[in-house]
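For reference, the chains in residue letters:
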Amino acid sequence: QKEVEQNSGPLSVPEGAIASLNCTYSDRGSQSFFWYRQYSGKSPELIMFIYSNGDKEDGRFTAQLNKASQYVSLLIRDSQPSDSATYLCAVNGRGSTLGRLYFGRGTQLTVWP
Amino acid sequence: KAGVTQTPRYLIKTRGQQVTLSCSPISGHRSVSWYQQTPGQGLQFLFEYFSETQRNKGNFPGRFSGRQFSNSRSEMNVSTLELGDSALYLCASSSGTQANQPQHFGDGTRLSIL
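1. Details of the overall build of chain A
1) Next: Counting secondary structure elements, chain A contains 0 helices and 11 strands.
2) Next: Across chain A, helices and strands are ordered from the amino to the carboxyl terminus as β-β-β-β-β-β-β-β-β-β-β.
3) Next: Taking 2.2 N^0.38 as the reference for a compact globule, 113 residues should give roughly 13 Å; the C-alpha atoms of chain A span a radius of gyration of 14 Å, in line with that estimate.
4) Next: Once the C-alpha set of chain A is aligned to its principal axes, its extents read approximately 45 × 30 × 20 Å.
5) Next: Within chain A, the proportion of its 113 residues that are buried is 50%.
6) Next: In chain A, once contacts between residues fewer than 6 apart in sequence are set aside, the share between residues at least 24 apart is 53%.
7) Next: For chain A, the accessible surface area stands at approximately 5,200 Å², while carbon and sulfur atoms represent 48% of it.
8) Next: Averaging the coordinates of the 11 positive side-chain charges in chain A and doing the same for the 10 negative ones gives two points 8 Å apart.

Quick look at the structure:
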């Protein structure tokens, strides 16, 4: 059974700060990693995906992957109150379960003005 | 480009009934996956369909079933509803040509069992 663990939070940061969200996964062979944002009462929205070790940047978001440490993180620079949401880390299965996503329980982020 | 469309958005049923949920993927996407989200269990995978074939199945009882049509639209059926089936049911689509491509979610169907 794959496990995806996230800081349970909640995480609270002031506007303009960097928010750091962390995720670890149990299957060393996992290849594909995703971050979703979910506002209260809404469905998850894909914000980043990363397949290779290192950093991937998209606007204010940076995903970082370290396969050796089985660790993936999401940095949000210049955090805004509109970033307040639950952030879900997801990992693809392997082999016959490749199309299946395994989700962490999410980290609730609050950005205060 | 239209996103993933799920219907209906809300459903109220009673125990023992059955329900069918519908999902239309993003145009050109051939893979459709279904997930159940509850406060207690989080997001749990139900099944994935690609080209009308079930490619993956999660650990849910046989009361949960699905199918995919030739136009990639998918339906999910739950029979003999139980109180514990109350949840947000989410459909996600991806291009599917490689099974690990990003999945995009619809708005979900919120199912309440009385």
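Structure shown, so let's carry the discussion forward.
2. Considering the sheet that holds strand β3 (residues 19-24) of chain B
Sheet strands line up and pair through hydrogen bonds in the backbone, either parallel or antiparallel.
Residue and element names in this part refer to chain B.
1) Next: Judged by pairing direction, the sheet is antiparallel, and its 4 strands sit side by side in the order β1-β3-β8-β7 without closing on themselves. Pairing within the sheet leaves two strands with one partner each, and these edge strands are β1 (5-7) and β7 (64-68). Strand-to-strand twist in this sheet, taken as the mean axis angle between neighbours without regard to direction, amounts to 20°.
2) Next: When β3 meets strand β8 (residues 74-78), the two strands line up antiparallel, connected through 5 bridges.

3. Description of the interface of chain A and chain B
1) Next: At the interface, 20 residues of chain A touch 26 residues of chain B.
2) Next: Counting each side, the surface lost to burial between chain A and chain B is near 1,700 Å², with a carbon and sulfur contribution of 50%.
3) Next: If you look at where chain A meets chain B, you find 6 residue pairs in polar contact (both at pLDDT 80 or more).
4) Next: For the side of chain A that touches chain B, the secondary-structure elements that each account for two or more residues are β4 (33-38), β5 (45-50), β9 (85-92) and β10 (101-103) of chain A.

4. Considerations on the nonpolar core
1) Next: Membership of the largest hydrophobic core comes to 24 residues, with the highest contact counts inside it found for F33, W35, V72, L74, I76, Y87 and L109 of chain A.
2) Next: Looking at this core, the elements with two or more residues in it are β3 (19-25), β4, β5, β7 (61-66), β8 (71-76), β9 and β11 (107-112) of chain A.

5. Overview of the state of the cysteines
Here is the idea: a disulfide is a covalent bond, and it sits between the sulfur atoms of two cysteines.
Residues and elements named next belong to chain A.
1) Next: Per the counting criterion, the structure on display carries 2 disulfides over all chains.
2) Next: Linked covalently through their sulfurs, C23 and C89 form a disulfide whose S-S length is 2.0 Å. Between C23 and C89 the disulfide shows an S-S torsion of about -70°. By sign, it is left-handed. In this pair, C23 is assigned in strand β3 and C89 in strand β9, connecting sequence segments 66 residues apart.

Conventions we followed
- Residues numbered from 1 in each chain as written.
- Chains lettered and ligands numbered in written order.
- Predicted model: local features only at pLDDT ≥ 70, side-chain atom pairs only at ≥ 80, totals over all residues.
- Heavy atoms only, no water.
- Helix = DSSP H or I, 4+ residues; strand = E, 2+ residues; numbered from the N terminus.
- Rg over C-alpha atoms; globule rule 2.2 N^0.38 Å.
- Buried < 20%, exposed > 50% of the residue type's maximum accessible area, 1.4 Å probe, protein only.
- Contact = heavy atoms within 4.5 Å.
- Areas by Shrake-Rupley, 256 points an atom, 1.4 Å probe, with all protein chains shown as cover.
- Lys, Arg positive; Asp, Glu negative; His and termini not counted.
- Charge placed at Lys NZ, Arg CZ, Asp CG, Glu CD.
- Pairing = 2+ DSSP bridges.
- Axes fitted to C-alpha atoms, helices over the stretch in contact; angles between N-to-C directions.
- Buried area = accessible area lost by both parts, 1.4 Å probe.
- Polar contact = N/O pair within 3.5 Å; in protein donor to acceptor, adjacent residues only side chain to side chain.
- Core = buried A, V, L, I, M, F, W, Y, C linked by side-chain atoms within 4.5 Å.
- Disulfide = S-S within 2.5 Å.

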